[in-house]
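The residues making up each chain are set out below.
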Amino acid sequence: MKNKYLFGGFIIVLFLGFMVYLFTQSNIKYESNFDKVMKEEKIVRATGSWVREKNYVLDTQNRVFSFYMADENGHEMKVVYNGSMPNNFESAKSVVVTGEYKDGFFHASSILTKCPSKYEGQSTQDVKTSNL
Amino acid sequence: MIGSLILTLALASSIVAMVMYYMSYRGYNNALYYGRIAYHVMAMLVIVAAAMLEYLLLTHQYSFKYVYEYSSNELSTGILMASFWGGQEGSFMLWLFLTTIIGLILQSYTSKRGDLEHRVMAVFTLATSFILLMVSPLFKNPFVYLWSEPIFIGIKSINPSLAHLPFLQSFLFSDSSSNQEFVKVNSDLVRLLSTNGISIKQLVINGRGLNPQLTNFWMQIHPPILFTGFSMSTVPFCFAMAAMMKNDYKDWVKQSFPWLLAASGILGLGIMLGGYWAYEMLGWGGYWAWDPVENSSLIPWLVGVAGIHTLLVQKKSQNKGEGIGKFAKTNLILMLLMYILVVYSTFLTRSGVLGDASVHSFVDPGTIVYLFLIIFVGTFVVLGFGTLIYRWKYLSLHTKSDEGILSRELSLFTAAIVLCTSAAIILVGTSAPIFGHSVDAKFYSSMHIPIAIIIGLLNGLSLLLKWRTTKKEDLIKRSVFSISASVIVTVLIVLFGGMTDVLMMILTLTTTFALIVNLEIAIKIIKGNKKMLGAYVAHIGIAVFLLGVISSSVYSREKDIDLVKNVPQDAFGYKMVFTGYQSIDNNTKYAFNIKCTNGKKDFVVSPVMYISDYNNGLMREPAIFNMLTKDFYISPLGYDDGSQNQTQGQEISLGVGDKTNFDGAVITYKNFIAPKDMSVMMSGGDFQLGAELSIEKNGKTYNEQALMKKDGRDIQFIPIEIKDANLKIQLQKIDPSTQKANLIFAKITGDNSSASTPKEVLTIQASTKPFINLVWTGTLIMVFGFFISVSRRLKESFL
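Trainee: Just to check I follow, could you spell out the overall build of chain A for this structure?
Mentor: Helix and strand counts for chain A come out as two helices and eight strands. When the helices and strands of chain A are placed in sequence order, the string is α-β-α-β-β-β-β-β-β-β. Expressed as a percentage of the 132 residues in chain A, the buried residues total 27%. Across chain A, contacts joining residues at least 24 apart in sequence account for 40% of those joining residues at least 6 apart.

Trainee: Would you mind going over the overall build of chain B with me for this structure?
Mentor: Counting secondary structure elements, chain B contains 21 helices and 23 strands. Taking the principal axes of the C-alpha coordinates as reference, chain B spans close to 100 × 80 × 45 Å. Considering chain B as a whole, with its 799 residues, one finds that 47% of them fall into the buried category. Taking contacts inside chain B between residues at least 6 apart in sequence as the whole, the part at least 24 apart equals 70%.

Trainee: What is the right way to look at the packing of helix α17 (residues 472-497) of chain B against helix α18 (residues 502-526) of chain B in this model?
Mentor: When two helices pack together, you describe them by how their axes are tilted relative to each other and by the distance separating the axes. Residues and elements named next belong to chain B. Between α17 and α18, whose axes approach to 8 Å, the crossing angle comes to 135 degrees. In terms of orientation, α17 lies oblique with respect to α18. Helix-helix and strand crossings are classified by hand; for α17 and α18 the assignment is right-handed. Along the contact surface, α17 presents S482, I483, A485, S486, V487, V489, T490, I493 and V494, while α18 presents M505, T508, L509, T512, F513, I516, V517 and E520.

Trainee: Sorry, what's going on with the pairing of strand β8 (residues 589-597) of chain B here?
Mentor: Residues and elements named next belong to chain B. Relative to β8, strand β7 (residues 574-584) is paired through nine bridges, and the arrangement is antiparallel. Counted as the bridge partner of Y581 is F592 from β8. Across two bridges, β8 lies against strand β10 (residues 608-611) in antiparallel orientation. Across the sheet, residue Y590 finds its bridge partner in β10, namely M609. Judged from the four bridges that link them, β8 and strand β9 (residues 602-605) form a sheet pairing that is antiparallel. In the sheet register, C596 faces β9, and the bridge partner there is F603. The hairpin formed by β8 and β9 contains four residues between the paired strands, and G599 there has a positive phi angle of roughly 95 degrees.

Trainee: Looking at this structure, how should I read the confidence of the model for chain B?
Mentor: Segments scoring low in pLDDT should not have their predicted coordinates read at a detailed level. All names here are of chain B. Per-residue confidence for chain B averages 88 on the pLDDT scale, and 93% of its residues sit at or above 70. Here residues 357-362 is modelled with pLDDT under 50, and outside its nearest four sequence neighbours on either side it reaches 18 contacts, counting other chains as well. This stretch, residues 751-756, has a pLDDT under 50; its non-local contacts, to residues over four places away or in other chains, come to seven contacts. Our summary of model confidence lists the complex with pTM equal to 0.84 and ipTM equal to 0.73.

Trainee: Mind showing me how you'd approach the environment of B:P142 here?
Mentor: On the secondary structure map, B:P142 appears in the loop between α6 (117-135) and β1 (151-154). Beyond its immediate chain neighbours, meaning those up to four positions away, B:P142 contacts B:L53, B:Y66, B:E89, B:G90, B:M93 and B:V135.

Trainee: Even after reading the chapter, I still don't get unusual backbone geometry, so can you show me in this structure?
Mentor: At A:D103, a position not held by glycine, the phi torsion is positive, near 50 degrees. Turning to its location among the elements, A:D103 is positioned in the loop between β6 (94-102) and β7 (105-114). The phi dihedral of B:F572 is positive, around 50 degrees, even though this residue is not glycine. Considering the arrangement of structural elements, one finds B:F572 in the loop between β6 (569-571) and β7.

Trainee: Could you clarify how one ought to interpret the sheet that holds strand β13 (residues 630-640) of chain B in this entry?
Mentor: Note: strands within a sheet are paired through backbone hydrogen bonds, in either parallel or antiparallel orientation. Residue and element names in this part refer to chain B. Pairing is antiparallel in the open sheet, where four strands are placed in the order β5-β23-β13-β12. A single partner strand is all that each edge strand has here, and the edge strands are β5 (557-564) and β12 (623-626). In this sheet, neighbouring strand axes are inclined to one another by 20 degrees on average, regardless of whether the strands run parallel or antiparallel. Bridge count between β13 and strand β23 (residues 761-770): 10 bridges; the pairing is antiparallel. Across the sheet, Y639 pairs through a bridge with L762, a residue of β23.

Trainee: Can you help me understand the sheet that holds β1(B) in this one?
Mentor: Residue and element names in this part refer to chain B. Spatially, β1-β3-β2 is the arrangement adopted by the three strands of the open sheet, whose pairing is antiparallel. Edge positions in the sheet fall to β1 and β2 (172-175), since each of these pairs with one other strand and no more. Each strand axis lies, on average, 40 degrees off the axis of its neighbour in the sheet, ignoring direction.

Trainee: Is there a simple way to explain α17(B) in this structure?
Mentor: Because each turn of an α-helix spans 3.6 residues, side chains separated by three or four positions end up pointing in the same direction. The end-to-end C-alpha distance of α17(B), which contains 26 residues, comes to 35 Å, matching closely the 38 Å that a straight helix rising 1.5 Å per residue would cover. Within the span of α17(B), buried status applies to B:S482, B:S486 and B:T490.

Trainee: Explanation requested: the nonpolar core in the structure shown.
Mentor: Nonpolar side chains tend toward joint burial in soluble globular proteins. Counting residues in hydrophobic clusters, the biggest one holds 194 residues, and the most contacted among them are B:A240 and B:V303. Of the residues forming this core, the biggest block, 16 residues, is contributed by helix α11 (residues 251-282) of chain B. Each residue touching B:A240, except ones within four places of it in the same chain, is listed here: B:W252, B:L332, B:M335 and B:L336. The next biggest cluster of nonpolar side chains, apart from the first, holds 45 residues, and it includes A:F34, A:V37, A:L58 and A:A108.

Trainee: Hey, could you run me through the pairing of strand β3 (residues 56-59) of chain A in this one?
Mentor: A regular strand carries its side chains on alternate faces of the sheet. Sheet topology note: the β3(A)/strand β4 (residues 64-70) of chain A ladder contains four bridges and is antiparallel. Within β4(A), the position partnered with A:D59 by the bridge is A:V64. Here three bridges tie β3(A) to strand β14 (residues 650-654) of chain B, and the two strands are oriented antiparallel to one another. Bridging from a neighbouring strand, A:L58 pairs with B:E651 of β14(B).

The rules we used
Residues numbered from 1 in each chain as written. Chains lettered and ligands numbered in written order. Predicted model: local features only at pLDDT ≥ 70, side-chain atom pairs only at ≥ 80, totals over all residues. Helix = DSSP H or I, 4+ residues; strand = E, 2+ residues; numbered from the N terminus. Buried ≥ 20, exposed ≤ 12 C-beta atoms within 10 Å, placed from the backbone. Contact = placed C-beta atoms within 7 Å. Axes fitted to C-alpha atoms, helices over the stretch in contact; angles between N-to-C directions. Parallel < 35°, antiparallel > 145°, perpendicular 65-115°, else oblique. Left-handed = near helix turned anticlockwise from the far one by under 90°. Pairing = 2+ DSSP bridges. pLDDT = per-residue confidence, 0-100. Expected span 1.5 Å × (residues − 1). Core = buried A, V, L, I, M, F, W, Y, C linked by C-beta atoms within 7 Å.

Laid out in structure tokens, this is it:
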């Protein structure tokens with residue numbers, strides 16, 4: 001009778017352990033405080049808004065797009081993204097960037113722009129990628 | 001109004017049916033008759049309501065909010081019909097409609113099998129009552145009028161002959177950022193209109209339309225199939241409850257078996273069609289992105305499939321006279337969980353909790369709906385597991401469990417546990433956003449490699465093992481062929497395919513092992529009773545599917561390529577030439593033609609891009625060239641017609657007073673050079689404007705003007721070249737209202753490309769997907785296997 005619990009228990013414990021490990025390794029926290037973003041040594045998802053006054057730089061040759069982002073408290077950080085400017089970037093009310101803060105700026109691997117308009121409800125734009 | 005009334009009446013009938021069926025269960029025998037009548041009345045009302053919603057959509061009745069928000073005059077009939085389930089309210093209606101139909105079949109099914117009906121239907125009508133409550137006027141009613149809440153309607157949807165009405169002007173709004181005009185429709189406007197003898201139908205003559213990602217063939221079949229699967233998974237829950245209510249665990253196993261198989265088969269088909277849709281139309285570059293919405297349909301499927309395996313054991317063990325059979329508790333738990341997870345996945349995708357995490361979750365529906373969904377899930381959890389706890393002692397006393405190490409029972413149980421583990425992992429990952437976290441796709445993929453390895457192993461091993469116990473010598477004798485054959489095949493794949501990842505090699509080994517074992521058995525019995533084939537066919541399907549996953553992911557190659565018009569480029573053995581684009585679909589979309597050749601075959605692929613009116617977003621559709629052994633997959637990334645970007649370099653956007661650095665120079669935007677006469681510019685005459693810049697480099701300061709000149713029809717940007725500073729500056733864009741200027745900076749030397757003529761560049765992501773066809777054929781074979789089993793188990797359910 002114990003075989004059932006032995007096998008089932010073994011698999012569950014094994015995978016749950018593996019899962020907890022991977023989860024703590026690869027989970028991405030949403031962070032709206034840039035002080036914390038800068039201290040964090042893992043990949044985070046920083047939410048804030050584009051600092052319009054500081055403009056953006058689009059280097060078409062090297063496909064680098066960079067801009068400044070501010071959090072709720074007005075803390076700013078520079079964001080650098082390897083790719084082209086996302087659609088709707090200029091009209092975006094809020095920006096969600098996923099990446100890591102290193103060497104004085106935020107290395108974004110993806111940018112999500114949200115364009116809430118009081119007339120059309122909220123719409124989001126994202127570049128979706130699949131790994132399979 | 002009539003629609004809401006019908007749905008309210010249906011809700012009342014559903015509650016009456018539930019009460020009557022429950023009374024009948026408690027011994028009031030004549031209540032059964034009223035229960036049946038009430039259920040059929042409810043079913044009729046639901047069918048009428050669904051037909052009404054479809055009619056409103058087909059006849060463009062924009063006075064209804066749902067019709068306005070999810071359809072438009074431009075949609076083709078097929079898509080228009082599918083816009084029924086384009087939004088939240090409608091997809092609840094679809095779920096309700098399909099559940100109701102399933103209920104009709106279930107009522108007839110249970111009425112022919114003993115005293116099953118009242119218990120099963122009492123629980124089933126609880127489920128229909130909840131969905132009916134969801135679409136009732138309290139929550140997500142699809143029959144709400146347009147003006148029920150103030151709504152801004154784009155001027156494009158307004159009848160132009162009425163737009164000049166004087167009283168309408170105070171309802172006009174304009175959005176300065178997008179330059180669009182809107183009419184605010186609320187009850188005041190409707191009242192004003194009706195006093196002037198105008199109906200809202202005359203004012204609003206077009207709808208907002210359907211999200212362009214949904215306007216395609218797959219929208220017409222994927223949601224109905226998926227929701228049929230969801231609806232059918234209600235049934236095993238009801239059977240489990242019915243068994244616990246009577247405290248009799250014998251018959252429910254064979255009675256619910258065909259339902260569980262059919263539900264899993266259809267749900268699996270629906271999930272796969274969704275994956276194919278994503279692959280073919282949405283250009284994600286693959287068929288599975290571990291998106292929360294995809295995940296939340298996969299979780300109940302995995303639990304259902306786990307249940308199939310343990311339910312089979314209980315059935316076998318009952319046939320051998322072992323009382324209520326083995327794994328009685330496991331089966332009850334799994335059957336309860338399957339439906340609870342369907343409801344939970346509805347909660348995840350509809351309550352707005354996923355917010356930022358998913359691209360295609362619905363928008364926030366408000367706190368009341370959120371709470372209602374929690375109550376919906378909570379009720380079924382409490383009811384299901386409460387009853388189970390109540391019966392636990394009895395069940396523990398009457399369940400036999402003495403599985404030998406080498407028994408089929410134990411290996412099937414282990415398989416079920418592995419499937420549930422997979423479900424649990426996906427559940428944790430998908431639910432993480434509720435707690436402010438989110439996981440990477442890597443989390444799911446690295447967890448699932450070992451799971452797939454075990455599944456492959458058990459898939460083969462469990463069939464080599466006998467029920468109860470197997471002698472070691474027997475097992476060795478029976479597995480010699482399959483093990484040696486799979487080792488040989490794997491070695492060949494590794495050697496010829498150049499596989500390097502050890503885990504992938506093990507996965508290939510266990511998968512081919514499963515495939516060979518199943519093929520061996522299938523060939524043996526194909527001459528005999530073909531009805532017995534179901535399980536083997538399904539297992540062959542899953543093995544083929546896994547092989548497809550391995551080959552299409554491990555051997556997939558991917559590359560971003562800039563295709564300059566008429567300049568050939570090489571990638572993955574193909575020579576590609578971008579030959580130009582043409583407009584398609586009544587000039588709404590653009591197809592970009594790429595001529596490909598690999599020496600033997602010539603073909604043209606045409607990915608599509610367009611700006612959608614719906615959301616002003618850039619839409620991209622991939623192009624796929626299908627071959628037997630692989631797909632050549634091209635996702636468009638962007639297109640540059642070359643007219644603006646003559647200068648290669650760095651683009652920087654500046655406001656007056658801003659400073660920037662480029663190549664050691666400090667550039668200051670000192671002043672905006674305004675046109676001398678604003679009115680000339682407004683009237684379309686010639687003018688010039690620009691930015692006055694000061695450039696400091698190597699201790700020298702240069703004052704320059706970057707200008708834009710309009711001369712007749714031409715607009716010219718005049719570049720600045722400062723040879724001493726090795727710097728070239730050109731205005732790209734300047735906005736007179738904000739005075740913001742976009743400037744392109746480049747070095748004069750070392751930048752030859754800037755001198756050339758305008759270039760049209762199409763940027764694409766090209767990839768190869770070897771043997772991706774195995775993914776599709778594998779799933780189809782698996783689904784086919786499910787249905788062979790359904791027909792066999794349906795016959796047994798009468799016994």
